[in-house]
Each structure stands twice: as C-alpha cells, then as structure tokens.
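So the chains spell out like this:
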Amino acid sequence: MSVAAIDIGTNSVLLLIAERRGGELVALVERATITRLGQGVDAARALAPEAVERTLACLARYGEELRSRGVERVDAVGTSAMRDAAGGEAFIARARELIGVAPRVISGPEEAELTYAGALTGLDLPARGPTIVFDVGGGSTEIIVGNAGGAVEQAVSLDVGSVRLTERHIRTDPPTSGEIEAVRADARAALATVPAVSLLAAPTLVGVAGTVTTLAALVRHVAPYDGARVHGARVSGAEIVDATARLASLPLAARRQLPALDPARADVIVAGSVLIEEILAWASRLAGAPVDLVASDRGVRWGLAERLSAA
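The rules behind these values
Residues numbered from 1 in each chain as written. Predicted model: local features only at pLDDT ≥ 70, side-chain atom pairs only at ≥ 80, totals over all residues. Heavy atoms only, no water. Helix = DSSP H or I, 4+ residues; strand = E, 2+ residues; numbered from the N terminus. Rg over C-alpha atoms; globule rule 2.2 N^0.38 Å. Buried < 20%, exposed > 50% of the residue type's maximum accessible area, 1.4 Å probe, protein only. Contact = heavy atoms within 4.5 Å. Areas by Shrake-Rupley, 256 points an atom, 1.4 Å probe, with all protein chains shown as cover. Pairing = 2+ DSSP bridges. Axes fitted to C-alpha atoms, helices over the stretch in contact; angles between N-to-C directions. Parallel < 35°, antiparallel > 145°, perpendicular 65-115°, else oblique. Nonpolar A, V, L, I, M, F, W, Y, C, P; charged D, E, K, R; others polar. Salt bridge = Lys/Arg side-chain N within 4 Å of Asp/Glu carboxyl O. Left-handed = near helix turned anticlockwise from the far one by under 90°. Expected span 1.5 Å × (residues − 1). Arc of directions from axis to C-beta. Phe/Tyr/Trp six-rings, centres within 6.5 Å; stacked < 30°, edge-to-face > 60°. Lys NZ or Arg CZ within 6 Å of the ring centre and 35° of its normal.

Asks: Got a minute to help me understand the overall build of the chain in this structure?
Replies: Looking only at helices and strands, the chain features 13 helices and eleven strands. Relative to the 2.2 N^0.38 estimate, which gives 19 Å for 311 residues, the radius of gyration of the chain is 18 Å and therefore close to what a compact globule would have. Counting only C-alpha atoms, the chain reaches 50 × 45 × 35 Å along its principal axes. Every one of the 311 residues in the chain was classed for burial, and the buried ones make up 55%. A separation of at least 24 residues holds for 69% of the contacts in the chain among residues at least 6 apart in sequence. Total accessible area on the chain stands at roughly 12,600 Å², and carbon and sulfur atoms take up 52% of it.

Quick look at the structure:
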C-alpha cells in the first residue's frame with residue numbers, strides 16, 4: 001500500500017510518496033518546492049494572494065502525481081504560516097480540490113511530534129543519551145527533546161524561522177553586521193524561553209529542514225544536492241560559524257550561484273544560518289561542551305507517512 005504525506009510549510013511544500021517494505025518505510029517519490037506561502041505573514045497576519053497562487057500551482061502538480069501513481073492514503077498538513085494567517089479557509093478548500101484531501105492546520109505540539117518521529121528515521125544514532133531534534137522552518141522553529149527510549153519529553157515551538165527573521169531584520173545586500181546581530185538577538189531571545197532541559201549526558205543534536213540540510217551540503221561539498229548523502233552528515237559548530245560568515249559576506253546574486261543552494265532559498269539562508277548557530281550554542285551550553293549537529297533530510301512528512309502506513 002502506498003501512502004503520501006504533504007507538508008505545507010512557510011517556505012516550502014514537501015511531498016513524500018512511500019510504501020512499507022519488510023517493515024521499513026521506503027520513499028518512492030520525494031519532491032520539494034519553495035513557494036514562500038508565508039510571504040509577509042509576520043507583518044500582515046494574512047496569506048498574500050501571490051503566495052497562495054504559487055502554492056496552489058505546486059499542489060496541482062503534486063495532485064497529478066498522486067493520481068497517476070494511484071496513491072491509496074493521503075494526508076496533508078499546514079504549519080506555521082497557516083496557523084498564523086487569516087484567509088486560510090479558501091486556500092484549504094481549493095487545495096482539497098487539487099490533492100483530494102483538505103490540509104489540516106496542525107498545532108505546534110503535533111508538528112513537533114511528527115518532526116521528531118520523522119527526523120530520526122534512517123539515522124544511526126547512539127543507543128544511549130537524550131536526543132534533541134530541531135526543525136528550522138520559515139515561520140517557526142520546533143525544539144523537541146526525547147529520552148534514550150525514544151519518547152518525547154518536551155516540545156516547544158518558537159516564533160522564529162528563516163523567512164520571519166529575514167523579513168524582520170534584513171534590509172541590505174549583503175546584510176550589515178547590525179542586521180546580523182539583530183537576527184542573532186532575536187534568536188537568542190526566543191531560545192531563552194525554552195524551559196530548562198535536564199541532561200544526564202551530552203545530547204545528540206539532530207537538525208531538520210532545508211536550512212539545515214543546505215548548510216550541511218555546503219560544508220560537506222555535496223553539489224548538486226543529494227539528500228541521501230546529507231542525511232546523517234555530522235557538522236561541527238565551528239563549521240556552521242564559518243559557513244554562516246561566508247554566506248553573510250556574499251551578495252544575493254552570488255549566493256544564488258552556490259551549487260548546493262536552491263536559488264529560491266538564497267534570500268533567507270543567512271538569517272536561518274544565524275539561527276542554527278545560536279541553536280548549537282544553546283545546546284552546547286546545556287551540555288557544557290561543544291555539540292555537533294547531525295543533519296536529517298527527513299521530518300514532518302516522514303512522521304506523517306509512518307502514521308499513515310501504520311493506520
């Protein structure tokens with residue numbers, strides 16, 4: 001039985017079509033399209049008509065693929081932009097016509113659970129010790145703490161993401177040092193609201209979503225981008241700092257030419273990278289020692305597909 005999961009995020013729309021083989025979920029099709037549904041949502045709290053049209057055009061293509069492959073079970077979820085914006089009812093109605101199901105606007109806690117379950121699939125991680133999974137989206141960032149047994153113990157959704165931070169603070173090209181520091185201060189303030197985490201051992205830190213995987217691809221020279229090579233890649237905090245500084249020094253036109261970077265992500269990658277820097281610094285302070293990042297090319301869509309295939 002094939003299943004399909006669609007994750008409609010603030011910055012991108014992700015499709016996974018998968019089936020279970022020998023107890024393991026195997027991807028048949030994976031698609032990622034940057035549509036920037038969350039364009040202007042932080043300021044206007046409403047979906048921009050042009051962003052809606054871009055996203056619906058993407059869903060029309062995904063719907064055609066679902067029908068051509070005869071997918072038996074489909075679920076679609078919307079995250080930060082759809083939670084925060086007015087005007088979502090008409091979008092959901094039209095999306096249902098295109099993909100056959102109405103996208104569900106999920107809460108931050110449900111998004112965190114799906115992210116955690118999906119992110120860890122296919123990773124060879126230490127059997128002991130806590131795992132912290134974080135998902136840097138366009139509009140929000142989820143931080144999920146799980147124990148050695150794999151159970152989620154704490155989940156927090158922060159109102160910062162690559163698109164939101166870019167729209168709030170970055171005005172020049174390339175960004176000024178003052179703009180970078182404003183992004184950094186906003187990220188730190190958000191992370192300061194995360195409830196204290198009690199660690200008995202250094203955590204494994206797993207990062208999810210396009211900003212994380214793009215940074216890992218840049219650091220590991222994976223070009224063109226290959227999710228199979230990025231999934232499980234380990235990157236140090238120092239390498240993230242160096243990559244962020246390089247990205248911030250380049251004008252937008254030059255960032256768009258980087259072979260591992262989707263040109264449509266180039267305008268928000270700097271703010272997203274600064275946020276990831278701060279997350280690694282936060283985790284390292286918790287652990288009392290530098291913590292590396294393990295990149296995951298999976299996330300909400302994989303958690304959703306696991307749930308669908310088990311139903």
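Asks: Sorry, what's going on with the pairing of strand β9 (residues 204-208) here?
Replies: A regular strand places its side chains on the two faces of the sheet in alternate fashion. Among the five residues in β9, five count as buried, and that is most of the element. With burial as the criterion, each face of β9 is covered, one bearing T204, V206 and V208 and the other bearing L205 and G207. Relative to β9, strand β6 (residues 131-136) runs parallel, the two being bridged by five bridges. In the strand pairing of β9, D135 is matched with V208. In the sheet, β9 pairs with strand β11 (residues 293-296) via four bridges, with the strands oriented parallel. Paired with G207 across the bridge in β11 is A295.

Asks: I tried to follow the packing of helix α8 (residues 210-219) against helix α12 (residues 269-287) on my own but got confused; where do I start?
Replies: As a packed pair, α8 and α12 sit with axes 10 Å apart at the nearest point and diverge in direction by 90 degrees. Relative to α12, the element α8 is oriented roughly perpendicular. Residue-level inspection shows T211, V212, T214 and L215 of α8 in contact with α12, the latter providing I269, G272, S273 and I276. Within the contact of α8 with α12, the residues separate by chemical class into four nonpolar, four polar and no charged.

Asks: Just checking my understanding: could you explain the sheet that holds strand β4 (residues 73-78) for this structure?
Replies: For sheets, the rule is that strands pair by backbone hydrogen bonds, running either parallel or antiparallel. Spatial ordering of the open sheet is given by β3-β2-β1-β4-β5, a layout of five strands whose pairing is mixed. Edge positions in the sheet fall to β3 (24-34) and β5 (104-105), since each has one partner strand and no second. Judged from the ten bridges that link them, strand β2 (residues 12-21) and β3 form a sheet pairing that is antiparallel. Looking across to β3, one finds that A18 is bridged to A27.

Asks: Sorry, what's going on with the pattern of salt bridges here?
Replies: Inspection of the entire model under this criterion finds 18 salt bridges. We note a salt bridge from E30 to R301, for which the minimum N-O separation is 3.0 Å. Taken together, the positions of E30 in strand β3 and R301 in helix α13 (residues 300-310) put the pair 271 residues apart, joining distant regions of the chain. With relative accessibility at 35%, the residue E30 sits in the partly exposed group. We classify R301 as buried; its relative accessible area is 8%. When the shortest N-O distance is used, the salt bridge between D159 and R168 registers 3.5 Å. Its relative accessible area of 39% is what places D159 among the partly exposed residues.

Asks: How should I be thinking about the packing of helix α2 (residues 49-69) against helix α4 (residues 88-99) in this particular structure?
Replies: The relative placement of two packed helices is expressed as an angle between their axes plus a distance between the axes. It is the contact of α2 with α4, at a shortest axis distance of 8 Å, that shows an interaxial angle of 25 degrees. Considered as vectors, α2 and α4 are oriented roughly parallel to each other. The hand of the α2/α4 crossing is right-handed. Seen from α2, the contacting residues are V52, T55, L56, L59, A60, G63, L66 and R67; seen from α4, they are F91, R94, A95, L98 and I99.

Asks: Just checking my understanding: could you explain helix α10 (residues 237-249) for this structure?
Replies: In an α-helix there are 3.6 residues to a turn, and that puts residues three or four apart on one side. Under the 1.5 Å per step criterion, the end-to-end length of α10 is 18 Å for 13 residues, consistent within 8% with the ideal 18 Å. The complete set of buried residues in α10 reads I240, A243, T244, L247 and A248. The arc that holds the buried residues of α10, viewed along the axis, is 130 degrees, so those residues lie on one side. Turned more than 90 degrees away from the buried face of α10, the exposed residues are A238 and D242. Buried residues in α10 make contact with α7 (177-191), α8, β10 (234-235), α11 (252-255), α12 and β11.

Asks: Mind showing me how you'd approach the packing of aromatic side chains here?
Replies: Aromatic ring pairs are defined here through the distance separating the ring centres and the angle between the ring planes. For the structure shown, the criterion picks out zero aromatic pairs. A cation sits over an aromatic face here: R298 above W302, 3.8 Å from the ring centre.

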